[in-house]
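# Structural overview
Chain residues, written in single-letter form:
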Amino acid sequence: MYNFVRKTKDTISEAWVKFVLMLIFLLPLVILASLLNKSWMVIQTSGIGDLLFSSVWRPMAGQFGFKPFIISSVYVTVLGLIITAPVCLLSAIYLTYYGSKRMTAFMQPIIDILAGIPSVIYGVWGVLIIVPFTGRFLAPLFGYESTGFSILSGGLVLAVMLIPFILNILIEIFRTVPHEQMEASLSLGASKWESIKHVAVRRSLPGIVSAFALGLSRAFGETIAVLMVVGNVVGIPRSPFDTGYPLPALIANNYGEMLSIPMFDSALMFAALVLLMVVVCFNLMSRYVIIFMEKRQ
Amino acid sequence: MENPIISIRNLNLYFEKQHVLKNINIEIPHNKVTVILGPSGCGKTTLLKTLNRLVDLHDHVKISGKIMLDDKDILVPNIDVTGIRKKMGLLSQKPSPLPMTIFNNVAYGLRINGLRGKRKLMPLVEKHLREANLWDEVKDRLRDPASRLSIGQQQRLCLARGLAVNPEIILADEPTSALDPISSTVIEQQFAELKKHYTIVMVTHVLRQARRIADHIVFMYLGEVIEQGPAREFFNNPKEQKTRDYLKGAFN
């Protein structure tokens, strides 16, 4: 009898564990299915090509061209990553190979605090500091006129938000480089910097790529902080000092409001679908790159 | 001893408060195999890493004393550390090939010394791979990642890589402990060959290995040098009681 109870418990707990795992597995599929379902209407009326590549945005007339939003998103994201990448890489190298233990112990909680700050606070800080900085200082410096609410401000705010996220991954990655390999390089007479460049960075390259890809996915979906500083004017940005209107901002600003317009709801779901697909593609691509690079080592 | 290549005088080394090397005085003869022998944890590896200043990488190390290499003290703070390291190739316990191709592993040291261009590098890479008795096994797969070689081959690759910077001395830290018997034999034979041109300092705790290849022995116990001298004398006529106990296998 006792054994029967034990066995039953075992079966139940195993089933439960499997069920939870299934949920995790199904979640992205369910999200994908519901987005597809909702956006199906607008896809059928306008066609995917028109939706993605037309820049005519007149919801009242039933014309939904997402090109300005997609370009804004890509622009802000790439700019953010370009600004943040060298900062993160160099700081990670410094903290792993140059800084003393005390220095690292001192910086770690600071990085964690940065990572924990809610994105709306980054947004407020962006409006207070970054936007005037871009508008009054950077734009005139490069000969542009700008209110400061611009792609560049979005990129800068994103760059700052990405620092703790990417930096933490990079530090972890550099810590996995075997001590012996660095010693081997040093004992061949290589300088510290040469050893870092040829051994630590080279060995970590797959990890570095995936860290940046994860950062990219995160940046692409970042909503509120970017929304607060990019200006949200529909139009294709011509320079980093132009205003932009990224996809997540579009969804956040409009969903639940102008839903009386026919198909607007469906169009917004299409935007969400694009967002999801892009992030998934980033992930798949970076995975492929990592596998490829690991094979070559 | 007639002009030793390295002479260590009154070397003391502390990790934080731990006294790891106690008043070490050693002379290492030119173009011979010197084996540093002793049970695990007696400071052999630390001594070896002090020779090429890899101990610098650890925090909280305190060193006093002198290590004379070619009549220069290598422990003075303002010395060119990379220059010293180039004079000594290091072979570590576990082979650690660099994360690149077989060819580039050997070419790495050459490139650091300013040599460029495959046409200049290729003959040297071949020469050093032959010196390490690896050329025949890898000549058709120089573009493969070094990590695909067997452990024994990796260790010989590390040897070739070390030889490529033209060292005077080869430091070897239990270089065969991770290898199978056949690869170990190959490394030992290679050492016998290499001592014509290089001074070899090898750390081991395997008595039989020391008997096979040592010309000169330094016996250490708990951070102190107990006895040192020519290998034959050491094994046939040990002077210290500790040495006799160790040779009998009283402790390991």
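Conventions and cut-offs
- Residues numbered from 1 in each chain as written.
- Chains lettered and ligands numbered in written order.
- Predicted model: local features only at pLDDT ≥ 70, side-chain atom pairs only at ≥ 80, totals over all residues.
- Heavy atoms only, no water.
- Helix = DSSP H or I, 4+ residues; strand = E, 2+ residues; numbered from the N terminus.
- Rg over C-alpha atoms; globule rule 2.2 N^0.38 Å.
- Buried < 20%, exposed > 50% of the residue type's maximum accessible area, 1.4 Å probe, protein only.
- Contact = heavy atoms within 4.5 Å.
- Areas by Shrake-Rupley, 256 points an atom, 1.4 Å probe, with all protein chains shown as cover.
- Lys, Arg positive; Asp, Glu negative; His and termini not counted.
- Charge placed at Lys NZ, Arg CZ, Asp CG, Glu CD.
- Patch = residues over 30% accessible without salt bridge, like charges linked within 9 Å, V, L, I, M, F, W, Y side chains within 5 Å.
- Salt bridge = Lys/Arg side-chain N within 4 Å of Asp/Glu carboxyl O.
- Pairing = 2+ DSSP bridges.
- Axes fitted to C-alpha atoms, helices over the stretch in contact; angles between N-to-C directions.
- 1 Å grid on protein atoms, 1.4 Å probe; cavity = no way out; pocket = protein on both sides within 12 Å on 5 of 7 lines; lining within 4 Å.
- Points joined across faces, edges and corners; volume = space filled by probe spheres on them.
- Nonpolar A, V, L, I, M, F, W, Y, C, P; charged D, E, K, R; others polar.

## Considerations on the overall build of chain B
The helix and strand inventory of chain B stands at 10 helices and 10 strands. Radius of gyration (C-alpha) of chain B: 18 Å, near the 18 Å computed for a compact globule of 252 residues. C-alpha atoms of chain B, sized along the principal axes, occupy 55 × 40 × 35 Å. By the burial criterion, 54% of the 252 residues in chain B qualify as buried. Sequence separation of at least 24 residues holds for 65% of the intrachain contacts in chain B that already meet a minimum separation of 6. Total accessible area computed for chain B in this model is approximately 11,600 Å², and 47% of it derives from carbon and sulfur atoms. Side-chain charges in chain B split into 37 positive and 27 negative, and the spacing between the mean points of these groups amounts to 4 Å.

## Considering unusual backbone geometry
Residues and elements named next belong to chain B. Non-glycine residue Asp71 carries a positive phi angle of around 65 degrees. With respect to the element layout, Asp71 can be found in the loop between β4 (61-69) and β5 (72-73). Unlike most non-glycine residues, Asn133 shows phi in positive territory, near 60 degrees. Take Asn133: it is sitting in the loop between α4 (118-131) and α5 (135-138).

## Comments concerning a nonpolar patch on the surface
Residues and elements named next belong to chain A. Side chains of Val120, Ile121, Val124, Trp125, Leu128, Ile129 and Ile224 sit close together on the surface and give an oily, nonpolar patch of about 590 Å² of accessible area. In terms of residue count, the dominant contributor to the nonpolar patch is helix α5 (residues 119-141) (6 residues). Turning to its location among the elements, Ile224 is positioned in helix α9 (residues 224-229).

## Overview of the pairing of strand β10 (residues 224-230) of chain B
Residue and element names in this part refer to chain B. Sheet topology note: the strand β9 (residues 216-221)/β10 ladder contains 6 bridges and is antiparallel. Paired with Val218 across the two strands is Gln228, which belongs to β10. Hairpin connection of β9 to β10: 2 residues between the antiparallel strands, including Leu222 at a positive phi of 50 degrees.

## Concerning the sheet that holds β5 of chain B
Residue and element names in this part refer to chain B. Taken in spatial order, the 4 strands line up as β2-β1-β4-β5 in an open sheet, and their pairing is antiparallel. Since the sheet does not close on itself, it has two edges, and those belong to β2 (18-28) and β5, each with one partner. For strand β1 (residues 6-15) and β4, the ladder comprises 8 bridges, and the chain directions are antiparallel. Within β4, the position partnered with Ile6 by the bridge is Leu69. Along the sheet, helix α1 (residues 44-51) contacts β1, β2 and β4; its crossing angle with β1, the most-contacted strand, is approximately 115 degrees.

## Describing empty space enclosed by the protein
Following the criterion strictly, the structure yields 4 cavities of 30 Å³ or more and no others. Size it by volume and the largest cavity reaches roughly 70 Å³. Lining the largest cavity are Glu180, Glu183 and Ala184 of chain A together with Leu90, Leu91, Ser92, Ser96, Cys158 and Arg161 of chain B. Counting only elements with at least two residues in the lining of the largest cavity, the list comes to α7 (179-187) of chain A together with β6 (88-91) and α6 (151-163) of chain B. With 3 residues, α7 of chain A is the single largest residue contributor to the lining of the largest cavity. Per-class residue counts for the lining of the largest cavity are 4 nonpolar, 2 polar and 3 charged. Approximately 40 Å³ is the volume attributed to the second largest cavity.

## Details of the pairing of β4 of chain B
All names here are of chain B. As defined by bridge partners, β4 adjoins β5 across 2 bridges and the pair is classed as antiparallel. Each residue of the ladder has a partner; that of Leu69, found in β5, is Lys72. Hairpin geometry of β4 and β5 is characterised by an intervening segment of 2 residues between the two adjacent antiparallel strands and by a positive phi of about 50 degrees at Asp70.

## Thoughts on the sheet that holds strand β8 (residues 199-204) of chain B
Residue and element names in this part refer to chain B. Pairing is mixed across the open sheet formed by 6 strands, whose spatial order is β6-β7-β8-β3-β9-β10. For this open sheet the edge positions go to β6 and β10, each flanked by a neighbour on one side alone. Averaged over all neighbouring strand pairs, the angle between strand axes comes to 15 degrees, with direction disregarded. Where strand β3 (residues 33-37) meets β8, 5 bridges bridge the pair, whose relative direction is parallel.

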